[in-house]
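Remarks on the overall topology
The primary structure of each chain is shown beneath.
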Amino acid sequence: MNDTKNYLDMDLLRFTTAGSVDDGKSTLIGRLFHDTKSIFEDQLEAIERSSKQRGDENVNLALLTDGLRAEREQGITIDVAYRYFATPKRKFIIADTPGHIQYTRNMVTGASTANLALILVDARNGVIEQTKRHTFIADLLGIKHIAVCINKMDLVGYDQDKYEKILNQFTDFASRLENVTDLTFIPISALKGDNVVDRSVDMPWYKGPPLLYHLENVYVGSDFNHVDARFPVQWVIRPHSDEYHDFRGFGGRVAGGVFKKGDEVTVLPSGFSTKIKNILLADKEVEQAFHPQSVTILLEDEIDVSRGDMLVKPNNQPHVSQDLDARICWFSGTKKLVKGTKCIFRHTTKEAQAIISEIKYKVDVNTLRKNEEDLEFGMNDIGRIQIRVSQPVFHDTYRRNRNTGSFILVDPFTNETLAAGMLR
Amino acid sequence: MQNYNLTHLQQLESEAIFILRETAAQFERPGLLFSGGKDSIVMAHLAYKAFHPSKIPFPFVHVDTGHNFPETIQFRDKFIKNLGVQLVVGSVQDSIDQGTAVEEKGLNASRNALQSVTLLETIDNESLDACLGGGRRDEEKARAKERFFSHRDSFGQWDPKNQRPELWNLFNGRKSPGENFRVFPLSNWTEMDVWQYTKLEGIELPNLYFSHKREVFQRNGSLLAVTDFTIPQENEEVSVRNVRFRTIGDATCTGAVESDAASLDDVISEVAASRITERGARADDRRSEAAMEDRKKQGYF
């Protein structure tokens, strides 16, 4: 890692894992950290000490990720933990989430920024409800790559038939998924290290790469939408200084597509069109900007533009509507979602009042069945709703663009984040 | 087709700039917590980039324990002057003089924990509703569960079990009067990312980060510098060694490491080969397993 040139060429993969201690998730993460030399001596010593104090038989690698006192006391993971490791090829951000059913909201949160989901299946148990739940949530959040690690192969004698049977079980169930385009199966033993970093000698019948190789090489570059140009204005830069007297730049992060100097753009909601005069990446001029770059765009004409507005291309405009069809995951433990619930709607850089105009159905995350009878959402419920917003929202479907197709709902009184939504 | 890939450092930079602009947009009166350490220097550099050619639209806040290495203060003043931003100093000594903070007693007394008191007083005095901090999730395990936008109640407390979920690029900075936020633009950076970015951008750092000769002594497994606030006991042997600091904080709890790394490249090689985390040299984290969590709950950075 000390080769600077190499380091500067590395790209980034964000992935999410879900599961409980039993299925070997912590062991797997511990193994990845250990074998890529991402765990430090003082960290290892600290968890060795704690494991001993707690009377655990082996070093409990879960202690590495369970950072809060309440988590250690109760032996459970409460919250999403973000973990980092790197190989000479890539930097990895793991959103590590607990797998219990009551933590659906954490899984949704972890999956929202991930390119890939790592799903663990215990080779002895095969595909269980929890596997389906994790896979469903990954798909719901638009993750295109799923790596299914069939773990504890050492406990089933590295049996190819067992592996094939689970693979078929999973493929069967996965045919119902909407977004996943890449489903990769890897037989592993996290405990023994088979097919994690190094190829297993006990499973010569497996011809694919080990997990780390897959994580290092899976191509996620085409997952972003580089077609539909969308630039939500975040902050207007007006220096009011002598040197930059007439400077007016629009700061923001490209949410989709590509913007080039000289491109014709339309400002929403005003509808005025002009051309891009210049694009600044901090203090340097650049020819073009694409997702996820944060840039400053200067326009040819002086048009009124403020935070919450969006720059788009005249011949490729987003949907504009006040009535939105969405799938949501309800987060609040204190407030229920019913028809008529009022809340604050936050989408790109825009905030507006909103009201739930209709609740269509809830989905049972274990059976994936729709429930059209019980239409009250409690914590961790997922379903489909219709929402009316006080002003027009410039959006795309979540499938087409995660940035312009996602929103959150906020409680106007307590300010808590009530729900996450994906537009249809 | 054209290649629209960004390197991981470009992605982290873009994310941090987004967070900095979002903070300016969502809050009335944010402040940037500036300690003179490398993380806050990188954050300040990113803030310059986020708002250029405007001036950074918020003041810098330094919580001063009074137990500084003189180099830190010299560096701070020069840095602030170059950027042309306003500096607000919250003094732990003032808090002690007013009786709102009580100095620890004993050999290992540190003003580190008292910083929380002064920070909360400064937030009050300056009516700050958001404080940007250079904290990273890889630093410590309680930090791994920290949000970009971290809510604090009207007592300045962090409630780790009741954090707002954070999804996509959507950050919820809404709050009731008296409450405020800590915002961490470098959440996803690692120590190595900070060093490599420093090199890539040619960012100047205080000399304390590089190898120099200094009088030091051993205490509780840490190598402490001889200063006005860390005075060796009779049985503690003082020697002159080549050392550098991996973190720069209060002199009473910031351990030095023996090192010959004199340049940024040397430091990067050393960090890459290191088997100890950077906070491993900090006495404040070693007090108990949940030391950081406890301090954060009380309003620490």
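Parameters and conventions
Residues numbered from 1 in each chain as written. Chains lettered and ligands numbered in written order. Predicted model: local features only at pLDDT ≥ 70, side-chain atom pairs only at ≥ 80, totals over all residues. Heavy atoms only, no water. Helix = DSSP H or I, 4+ residues; strand = E, 2+ residues; numbered from the N terminus. Rg over C-alpha atoms; globule rule 2.2 N^0.38 Å. Contact = heavy atoms within 4.5 Å. Buried < 20%, exposed > 50% of the residue type's maximum accessible area, 1.4 Å probe, protein only. 1 Å grid on protein atoms, 1.4 Å probe; cavity = no way out; pocket = protein on both sides within 12 Å on 5 of 7 lines; lining within 4 Å. Points joined across faces, edges and corners; volume = space filled by probe spheres on them. Nonpolar A, V, L, I, M, F, W, Y, C, P; charged D, E, K, R; others polar. Polar contact = N/O pair within 3.5 Å; in protein donor to acceptor, adjacent residues only side chain to side chain. Buried area = accessible area lost by both parts, 1.4 Å probe. Pairing = 2+ DSSP bridges. Disulfide = S-S within 2.5 Å. Axes fitted to C-alpha atoms, helices over the stretch in contact; angles between N-to-C directions. Parallel < 35°, antiparallel > 145°, perpendicular 65-115°, else oblique. Left-handed = near helix turned anticlockwise from the far one by under 90°. Phe/Tyr/Trp six-rings, centres within 6.5 Å; stacked < 30°, edge-to-face > 60°. Lys NZ or Arg CZ within 6 Å of the ring centre and 35° of its normal. Arc of directions from axis to C-beta. Core = buried A, V, L, I, M, F, W, Y, C linked by side-chain atoms within 4.5 Å. Domains from an automatic or database assignment.

Brief notes about the overall build of chain A
Helices and strands together make up the secondary structure of chain A, namely nine helices and 23 strands. Scaling as 2.2 N^0.38, a compact globule of 424 residues should have a C-alpha radius of gyration of about 22 Å, and chain A matches this with 24 Å. In terms of its C-alpha atoms, chain A occupies a principal-axis envelope of roughly 70 × 60 × 40 Å. Considering only contacts within chain A whose residues lie at least 6 apart along the sequence, 69% involve residues at least 24 apart.

A look at the overall build of chain B
Scanning chain B for helices and strands turns up eight helices and 10 strands. Compactness check: chain B gives a C-alpha radius of gyration of 19 Å against a globular reference of 19 Å for 301 residues, within 12% of the reference. In terms of overall dimensions, chain B has a C-alpha envelope of 60 × 55 × 40 Å along the principal axes. Here chain B holds 301 residues, and 63% of them are scored as buried. For chain B, restricting intrachain contacts to residue pairs at least 6 apart in sequence, the fraction spanning at least 24 positions comes to 71%.

Things to note about empty space enclosed by the protein
Under the defined criterion, the tally for this structure stands at six cavities of 30 Å³ or more. Size it by volume and the second largest cavity reaches roughly 140 Å³. Along the wall of the second largest cavity there are 14 residues; nearest its centre are Pro232(A), Thr348(A), Asn403(A), Phe18(B) and Asn169(B). Among the residues forming the lining of the second largest cavity, the class breakdown is six nonpolar, six polar and two charged.

Side note on the side chain of Lys313(A)
Residue and element names in this part refer to chain A. By secondary structure assignment, the location of Lys313 is in the loop between β16 (310–312) and β17 (319–330). Taking the relative accessible area as the measure of exposure, Lys313 reaches 17% and is therefore buried. Side-chain polar atoms of Lys313 contact the backbone oxygen of Val258, separated by 2.9 Å.

Focus: the interface of chain A and chain B
Counting residues at the interface gives 90 residues for chain A, matched by 72 residues for chain B. At the boundary of chain A with chain B, total buried surface from both sides reaches about 7,100 Å², with 54% on carbon and sulfur atoms. Of all residues in chain A, Tyr7(A), Trp235(A) and Arg253(A) give up the largest surface area on contact with chain B, accounting jointly for 9% of the area buried on that side. On inspection of chain A and its partner chain B, the count reaches 28 residue pairs in polar contact (both at pLDDT 80 or more).

Overview of the pairing of strand β9 (residues 239–245) of chain B
All names here are of chain B. For strand β7 (residues 212–219) and β9, the ladder comprises five bridges, and the chain directions are antiparallel. Paired with Lys213 across the two strands is Asn242, which belongs to β9. In this sheet, strand β10 (residues 256–258) lies alongside β9 in antiparallel orientation, the contact comprising three bridges. If you follow Phe245 over to β10, its bridge partner there is Ala256.

What to know about the state of the cysteines
Between two cysteines, a covalent bond joining their sulfur atoms is known as a disulfide. Residues and elements named next belong to chain A. For the coordinates displayed, the defined rule picks out zero disulfides over all chains. The thiol sulfur of Cys329 is not disulfide-bonded, and the nearest other cysteine sulfur, from Cys343, lies at 14 Å. The exposure class of Cys329 is buried, given its relative accessible area of 0%.

Observations concerning the packing of helix α6 (residues 191–201) of chain B against helix α7 (residues 264–273) of chain B
Residues and elements named next belong to chain B. Running from amino to carboxyl end, α6 crosses α7 at an angle of 165°, the nearest separation of the two axes being 10 Å. Between α6 and α7, the crossing angle belongs to the class labelled roughly antiparallel. In the crossing of α6 with α7, the sense of the turn from one axis to the other is left-handed. For the pair formed by α6 and α7, the contact residues are Glu191, Met192, Trp195, Gln196, Thr198 and Lys199 on the first element and Leu264, Asp265, Val267, Ile268, Val271 and Ala272 on the second. The class makeup of the residues in the contact of α6 with α7 is seven nonpolar, two polar and three charged.

Here's the deal with the packing of aromatic side chains
In this structure the tally under the stated criterion is 26 aromatic pairs over all chains. Here Phe33(A) and Phe85(A) contribute two aromatic rings whose centre-to-centre distance is 5.6 Å and whose plane-to-plane angle is 45°, an arrangement assigned as tilted. Linking Phe33(A) in helix α2 (residues 25–35) with Phe85(A) in strand β2 (residues 81–86), this pair joins segments that are 52 residues apart in sequence. No difference in accessibility class separates Phe33(A) from Phe85(A), as the two residues are buried. Aromatic side chains Phe51(B) and Phe58(B) sit 5.8 Å apart centroid to centroid with 90° between the ring planes, which places their arrangement in the edge-to-face category. Of the two residues examined, Phe51(B) and Phe58(B), each falls in the buried class. Through pairs of rings, three or more aromatic residues link up here, namely Phe18(B), Phe27(B), Phe148(B), Phe149(B), Phe171(B) and Phe181(B). Sitting above the plane of the Phe259(A) ring, Lys313(A) keeps its charged end 5.5 Å from the centroid. One residue, Lys370(A), lies across the ring of Tyr361(A), its end atom 4.8 Å from the ring centre.

Quick look at the layout of surface pockets
Size it by volume and the second largest pocket reaches roughly 910 Å³. Lining the second largest pocket are 46 residues; nearest its centre among them are Thr113(A), Asn115(A), Phe224(A), His291(A) and Arg402(A). Looking at the lining of the second largest pocket, the elements with two or more residues in it are β1 (11–19) of chain A together with α1 (8–26) of chain B. Here the lining of the second largest pocket gets four residues from one element, more than from any other, and that element is β1(A). Tallied by class, the residues present in the lining of the second largest pocket amount to 18 nonpolar, 16 polar and 12 charged.

Re the sheet that holds strand β6 (residues 180–183) of chain B
Residue and element names in this part refer to chain B. Pairing is mixed across the open sheet formed by six strands, whose spatial order is β3-β2-β1-β4-β6-β5. Of all the strands in the sheet, the pair left with one neighbour each is β3 (87–91) and β5 (149–152). Within the sheet, the average angular offset between the axes of one strand and its neighbour, ignoring direction, is 30°. As paired elements, strand β1 (residues 30–33) and strand β4 (residues 130–132) share three bridges and run parallel to each other. Considered in β4, the bridge of Pro30 is made with Ala130. Packing of helix α2 (residues 38–51) onto the sheet brings it into contact with β1, β2 (60–64) and β4, and relative to β1 it is tilted by some 140°. Of the strands in this sheet, β2 and β3 are in contact with helix α3 (residues 70–83), which crosses β2 at around 170°.

Observations regarding helix α5 (residues 115–125) of chain B
Residues and elements named next belong to chain B. Gln115, Ser116, Thr118, Leu119, Thr122 and Ile123 are the residues of α5 that are buried. What you see down the axis of α5 is that its buried residues fit within an arc of 165°, all on one side. The outward face of α5, more than 90 degrees from its buried face, is lined by the exposed residues Asp124 and Asn125. Of the residues flanking the end of α5, it is Ser127, one or two places downstream, whose phi is positive at about 50°.

Things to note about the nonpolar core
Core analysis: the biggest nonpolar cluster contains 71 residues, and Phe15(A), Leu141(A), Ile150(A) and Met153(A) have the highest contact counts within it. Among the elements that make up this core, the one with the highest residue count is strand β4 (residues 116–122) of chain A (six residues). Among the domains, domain 1 (2–223) and domain 3 (319–423) of chain A are the pair contributing at least three residues each to this core. Look past the residues within four positions of Leu141(A) in its chain and what remains in contact with it is Val108(A), Ala111(A), Ser112(A), Tyr398(A), Arg402(A), Met422(A) and Trp168(B). Judged by nonpolar contacts, the second largest core, of 62 residues, contains Ile56(B), Phe75(B), Phe210(B) and Ala256(B).

A word on α7(B)
Taken as a whole, α7(B) has its buried residues at Leu264(B), Val267(B), Ile268(B) and Val271(B). End-on, the buried residues of α7(B) take up no more than an arc of 100°, which puts them together on one face.

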